[in-house]
Every structure is written in structure tokens, then in C-alpha cells.
Amino acid sequence: MTDVSFRIMSYNIHQGLGSELMPAYGLEKVAQAIHQHRPDIVGLQEVYRHGRKPVIEDMGARLAERMSILRGETWYLVWVPSEDMCYQTGLPKNARGYGDAIISRFPVLSTTHLSYNWGGKDRWRERRVCIQATLDVDGHHINVFNTHPARTDVAVQAPQIVDFMRMFPEPRIITGDFNLYEDNPWFPETHAVFTTQGYRDAWQQRGIGDGSTFPAGVADAAKRKHRIDYIFHVDFPGLVLTRVQVDQGEASSDHCPLIADYTWSGDPPAGAAQTPGAGTIARETWTGLGREATIAALLAETADLSAPPTSIERLLLFQAPWRVGERYGSRIRGMVIPPIDGDYVFWIAGHGNCELRLGEDERSARGAPPIARVCAGTASYVGRDDLPITDSGHTGSAQWAKYPSQRSPPIQLRAGRRYHIEAWHKDGIDDESDTLGDSLAVGWQLPDGTCERPIPGCRLAPPADAADAPIIDPALVVDAGPDVTVAGAVVLAGSARTPSGAAARGRISWIMASGPGTVRFWEPTSPTTLATFSAPGTYVLVLSVENHAVCAYDHVRIEVQAPC
């Protein structure tokens, strides 16, 4: 394969609020600051999507839309909120959409995220996250991560980040506002968590100057003295860092953007986990259930899972989609196929009570006790009062070590043999804000110590009765259609599909980004629709597709000669 070059940026956008010298809300200024450097991938921190005071704005979507328009191409968005976020005074429960994002001109093939353990630092009960996205960089697969740990928690959470990234093939690059101040007493050991595990600090490798990124836009330049925004990359043959810079010019945030240029050549290392998609596993969902989030309630409300499910689909990973609703139950079932002989350890994580069962066949799996579960109990760490945390039982996505019960004992399996596996899950929360945390995932550790969490599709097979169910594929191919000149109306020829050619499943919408008048979309939730215009001139229309965790944005320019 040919070498590829790409530019990656890390940027804390300060919720679009500007900086000391630019205090007014300025998301467009942020978009222009990003565009002037023409990055291909951007790790964004402090991104609202579900409202804040005084501005209600879907910041991740707006920035991805603006990059699509400014760059003339499709852009993709993965956004994940911080969980249990409640420290913002005056922020209503249904507007807790505060988190981080990755936007990219490269397609997102798959994504997941890690919710950190608090580690005894839960001052605000805000569990922050690390986002992962596998990107198709001109035919090469690159794993990109983005994070924003709290200043007091970074020392505890840095090892969790490294363990999380280890589950994905090289090359791996992580961006973020690490809040890792060089004058912090724990800086040397925290920084060494990355450098001793095969990662290079991009600025230390190729940067010139002090690399200060915070605070930006202060009147006294001497006050801009902290390097807390970082890009780390795995030290791996074929991944070459060529340039690093900090934009310390006109500020659009309280942080300066950090930009790094890379070239990548070569194929994934021998023995790396295969790309998910070689197999699938079935997911059944029952909606409209009660509020009680227990497995006993799930069984009672679905007649021991024999009631017809509301929907059946297949997954490319042993991971359910998140942000899907509330008061529902689900079962993921199928066959898991071990690659080598030996002892395997399984894990389960989920936002709500969940259980994992394994057997030689479906009957033995259903009749056996669960090998791992998330249920009411005491977490494996303590809270802010140094007291054990006990709750009704739920974890964040990819939060594998909150309860000891999440981990199975070693189970001996034979290579190539098909074992029936089932994960049951009940979410009973009736609160729109908490749909941000919907999750269910299962992982395992191979006998050679390799962790695959979640288990990839190449290890899975669906049951016979679900072999033809539709596939939930997070990857999107979106095209808003060609630019045209029209008299006063046009049939928009957009399309939204998965790489396999199947129609995209998710929320589709048309919006007007700019224009001299108004636009009426006769079917605004369809990729192809009639549009009419109230005034002549140039209009920019954006086709937006949200497929669970991945969003894509493409645009079209319409030159209208007369209103209709």
C-alpha cells in the first residue's frame, strides 16, 4: 500500500465561549481556527451537544458541518458525553450533553469509548471518557483516541488509558487536554505511564519552543506557560512524525490548538486483531418495559425472553449501540469461536443490570448460572469520602473493572469450537438525559494474554434464526448530491448508506446552513426530497445522518434563479 500523510489536531474549544481577549461566544471563530490549519482529524474537548446556558447549540454537529462546507467534503463526528455530570450550576438534567468529540474527513469504521473509574477523586461525580475511533485513512486503518481527564484524576486514569488503547491494533494516536501540568508533583510518573509503554510525546519529539497551550489569549503572554494539551503516538515502524506546532496566535478558546503531521506506511503488525466485520452476533430488543432495571424484571416482562422482540439486528462487535432509549431490555446471543486452546477470561459492562452466560449450546447456556454480571453491589474503588461506593449496579461503556463480578473465572475453551454465548441487559431509567449512557459490551482475554474488549466480529457468528437480520454498521457513506442551478425548486439527490451498500439506519435530516431566504424540505428525513426556496440566490444545504454513535455531514450548493 502507498504511504499516507495526515494532520491531526487537539483542541479544547472551551464550550465555544472564547478566551480572556475574546469573551463572546464564538463557535464560528473556533471553526475558522480549525480550518486555517486544514487538519484531517481533530480531537475536541469541552463540546456540548444537548444544550447549555445561555447558548443552546449542538457544537459537535455544527463544527463537523462547517468543516464539510469549508473543506468541500464529507466530515464525520463521534461524540461521547461525560457521564453522571451534575456539577454545572443551573444545568437541567435533560441538558447534560457535555463531553468530547472526534471529527474527521476520514470515514469512521467503528468506535467505542472508555468511562474512567473515579479512583477516589469523584469531587463532582463526573466520570470522564476516552473516545476510540478506527478511521479509514485512504485504505489504512488507524486508531485515534481523544480524552480530557480532570487535573486531580489524570494520575489515576493514565494507566486506564494505556490499558484501553492496548486492545486496539497499531498505529495508535491519542489527543487531548490531559490537564497534565509539568509543575504537578505527579507529572513525571504520569507522563512516564505513556513513555514507558511505547508512546512518544509528539511535542518532545518534534516541537520547537516551550509548547505552551494554556491559557490562550491572555493579555500578558508570559502567563501562557502551561503545556497541558498533548498528542501521544505509539512508537511503531512506519508511523513517522514530521512536524508539530502550537498555534499561539489569535485566540478562539482558552486553549491553543496543538497540530501534528504524520506519515504512515506499512500494514498492521502480525498477530494484530482483525478488523471487526468478518462475523456478526444477534441483538434482540424489547421496548416499552417497566422502570425496574433488574434481570428478574426483564425475564418477567418478556415471559423469560420468549415474547417476540420489538427488533432483531446483527452487530459487528459484541457491543450494543448506545444512546438508544430507556425502559428497554435486550439480549445479545450467538456463537463465540476461540482462536486458540486454553483458559479464557470474560468481562461484561453495561448501563443497567446485565448478565453473561456461556455453554456448549443454547440450552446449557440458558440453564447455567451467569459467568459474569453487573448488578447491585460495591465497586472496586472508593469515593470522595474514602468510603466504598455501593449502588444499584451499572457501569460506563468499556468500564470493565468497576465490580469484581464483571470478570469471569478462567474457562477452558478449545480452538475452532463454537460455544453459545448470551448477554442479557435491562435498562429501566426513564430519563432522556440518561440515554447518553446506554451500553452493553462483552470482552475476553485470550490464553496468551491478549485482550479483545469488546470481542470483535471475527470471533463471532449469529444464531441460525437471525442469520438474515439487518446489520447495524456504524460506518457511513453520505453524499448530498451535486451542486446545481435551478429555477425555483429541486429534487435533492442525496444518499446515505453503509460501505456494504445497505441503506443507512438512523436519523436523517436536511437543514439549511446559509441562504438569502427560507427552504422547505417536503420530506426532510429522506436523503431524496423536493426542496423549494422563498428567494433567489445561493443556498448551502447540509445532509446530516446520525447512525447511533457516528454522524456524517455532507453539503450541496443550490443556485436559485427564482423563488417557488
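Each remark here, short or long, concerns the structure printed above.
Values in this document were obtained by computation on a predicted structure and should not be read as measured data.

Visitor: How should the overall build of the protein be read in this particular structure?
Guide: From N to C terminus, the protein includes seven helices and 35 strands. Among the 564 residues that make up the protein, the fraction classed as buried is 60%. Looking at the protein alone, contacts between residues at least 24 apart form 74% of all its contacts between residues at least 6 apart. Looking at the protein as shown, the accessible area adds up to about 21500 Å², and 50% of this sits on carbon and sulfur atoms.

Visitor: Which parts of the structure should I look at to understand unusual backbone geometry?
Guide: Negative phi is the rule for most residues except glycine; trans is the rule for most peptide bonds. Along the chain, Glu-170 connects to Pro-171 via a cis peptide bond; the corresponding omega equals 0°. The topology assignment puts Pro-171 in the loop between α3 (154-165) and β8 (172-177). Going from Phe-214 to Pro-215, the amide bond is cis rather than trans, its omega being -5°. Positionally, Pro-215 belongs in the loop between α5 (202-206) and β10 (229-234). One non-glycine residue, His-14, lies in the positive phi region at around 55°. Along the chain, the position of His-14 falls in the loop between β1 (4-12) and α1 (27-35).

Visitor: Mind showing me how you'd approach the pattern of salt bridges here?
Guide: Note that side chains of opposite charge can pair when their charged atoms are close. Tallied over the entire structure, the rule returns 22 salt bridges. In this structure, Asp-261 engages Arg-7 in a salt bridge whose closest nitrogen and oxygen atoms are separated by 2.6 Å. With Asp-261 in strand β12 (residues 258-264) and Arg-7 in strand β1, this residue pair connects regions lying 254 residues apart in the sequence. The exposure classification of Asp-261 matches that of Arg-7, with both residues buried.

Visitor: What should I look at first to understand α3 in this one?
Guide: It helps to recall that an α-helix has 3.6 residues per turn; residues three or four apart then point in one direction. The end-to-end C-alpha separation of α3 is 16 Å, in line with the 16 Å expected for 12 residues at 1.5 Å each. Here α3 has its buried residues at Val-154, Gln-157, Ala-158, Gln-160, Ile-161, Val-162, Phe-164 and Met-165. Among the structural elements, β5 (108-115), β6 (129-137), β7 (140-147), β8, α4 (187-195) and β9 (199-201) are those in contact with the buried residues of α3.

Visitor: Honestly, the packing of α3 against α4 in this entry has me stumped. Any pointers?
Guide: If you want to describe how two helices pack, look at the angle between their axes and the distance between the axes. Closest axis-to-axis distance for the α3/α4 pair is 9 Å, and the angle between their directions is 5°. Relative to α4, the element α3 is oriented roughly parallel. Here α3 contributes Val-154, Ala-155, Ala-158, Pro-159, Ile-161, Val-162 and Met-165 to the contact with α4, which in turn contributes Thr-190, Val-193 and Phe-194.

Visitor: Quick question: what am I supposed to make of the sheet that holds strand β16 (residues 342-350) here?
Guide: The strands making up a sheet associate through hydrogen bonds between their backbones, and the pairing can be parallel or antiparallel. The four strands lie next to each other as β21-β16-β23-β24, forming an open sheet whose pairing is antiparallel. Each edge of the open sheet carries a strand with a single partner, namely β21 (411-413) and β24 (451-452). With three bridges connecting them, β16 and β21 associate as antiparallel partners. Paired with Tyr-344 across the bridge in β21 is Ile-411.

Visitor: Help me understand helix α2 (residues 59-71), please; the structure alone is not making it clear to me.
Guide: Its 13 residues give α2 an end-to-end C-alpha distance of 18 Å, which sits within 8% of 18 Å, the value for a rise of 1.5 Å per residue. For α2, the tally of buried residues reaches 10 of 13 residues, placing the bulk of the element in the interior. Among the residues making up α2, those that are buried are Met-59, Gly-60, Ala-61, Leu-63, Ala-64, Glu-65, Met-67, Ser-68, Ile-69 and Arg-71. Positive backbone phi, approximately 70°, marks Gly-72, located one or two places after α2.

Visitor: Mind showing me how you'd approach the nonpolar core here?
Guide: Looking at soluble globular proteins, one finds that nonpolar side chains tend to be buried together. Phe-6, Phe-194, Tyr-262, Leu-492, Phe-533, Leu-541 and Ile-558 are the most contacted members of the largest nonpolar core, which totals 88 residues. One finds Leu-27, Val-47, Trp-75 and Trp-79 within the second-largest nonpolar core, a separate group that totals 29 residues.

Visitor: Help me understand the sheet that holds β5, please; the structure alone is not making it clear to me.
Guide: Sheet architecture is open: six strands sit in the order β5-β6-β7-β8-β10-β9, paired in mixed fashion. Edge positions in the sheet fall to β5 and β9, since each of these pairs with one other strand and no more. Neighbour-to-neighbour, the strand axes of this sheet turn through a mean angle of 20°, independent of strand direction. Where α3 meets the sheet, it contacts β5, β6, β7, β8 and β9, and its direction lies at approximately 150° from that of β5. Each of β9 and β10 touches α4; the most contacted strand, β10, lies at about 35° to it.

Visitor: I would appreciate a short explanation of the packing of aromatic side chains in the present structure.
Guide: To describe a pair of aromatic rings, you give the distance between the ring centres and the angle between the ring planes. Inspection of every chain in the model, using the stated rule, returns 14 aromatic pairs. Aromatic side chains Phe-178 and Tyr-230 sit 5.7 Å apart centroid to centroid with 85° between the ring planes, which places their arrangement in the edge-to-face category. Of this pair, Phe-178 sits in the loop between β8 and α4 while Tyr-230 sits in strand β10; the two residues are 52 residues apart in sequence, bridging distant segments of the chain. Since its relative accessible area comes to 0%, Phe-178 is described here as buried. Exposure remark for Tyr-230: the relative accessible area of 0% places this residue in the buried category. Between Phe-533 and Tyr-539, the ring centres sit 4.8 Å apart and the planes meet at 50°, which makes this aromatic pair tilted. An aromatic cluster is present here, built from Phe-178, Phe-194, Tyr-230 and Phe-232 joined pairwise through their rings. Sitting above the plane of the Trp-522 ring, Arg-520 keeps its charged end 3.5 Å from the centroid.

Visitor: Would you explain the side chain of Asn-184 in this entry?
Guide: Relative to the helices and strands, Asn-184 is located in the loop between β8 and α4. Apart from the residues lying within four places of it in its own chain, the contact partners of Asn-184 are Arg-151 and Asn-179.

Visitor: Is there a simple way to think about a nonpolar patch on the surface in this case?
Guide: A cluster of nonpolar side chains, namely Val-491, Trp-522 and Leu-530, defines an oily patch on the protein surface of about 300 Å² accessible area. Summarising the element assignment, Trp-522 is placed in the loop between β32 (519-521) and β33 (528-533). A relative accessible area of 45% places Trp-522 in the partly exposed class.

Cut-offs applied
- Residues numbered from 1 in each chain as written.
- Predicted model: local features only at pLDDT ≥ 70, side-chain atom pairs only at ≥ 80, totals over all residues.
- Heavy atoms only, no water.
- Helix = DSSP H or I, 4+ residues; strand = E, 2+ residues; numbered from the N terminus.
- Buried < 20%, exposed > 50% of the residue type's maximum accessible area, 1.4 Å probe, protein only.
- Contact = heavy atoms within 4.5 Å.
- Areas by Shrake-Rupley, 256 points an atom, 1.4 Å probe, with all protein chains shown as cover.
- Salt bridge = Lys/Arg side-chain N within 4 Å of Asp/Glu carboxyl O.
- Expected span 1.5 Å × (residues − 1).
- Axes fitted to C-alpha atoms, helices over the stretch in contact; angles between N-to-C directions.
- Parallel < 35°, antiparallel > 145°, perpendicular 65-115°, else oblique.
- Pairing = 2+ DSSP bridges.
- Core = buried A, V, L, I, M, F, W, Y, C linked by side-chain atoms within 4.5 Å.
- Phe/Tyr/Trp six-rings, centres within 6.5 Å; stacked < 30°, edge-to-face > 60°.
- Lys NZ or Arg CZ within 6 Å of the ring centre and 35° of its normal.
- Patch = residues over 30% accessible without salt bridge, like charges linked within 9 Å, V, L, I, M, F, W, Y side chains within 5 Å.

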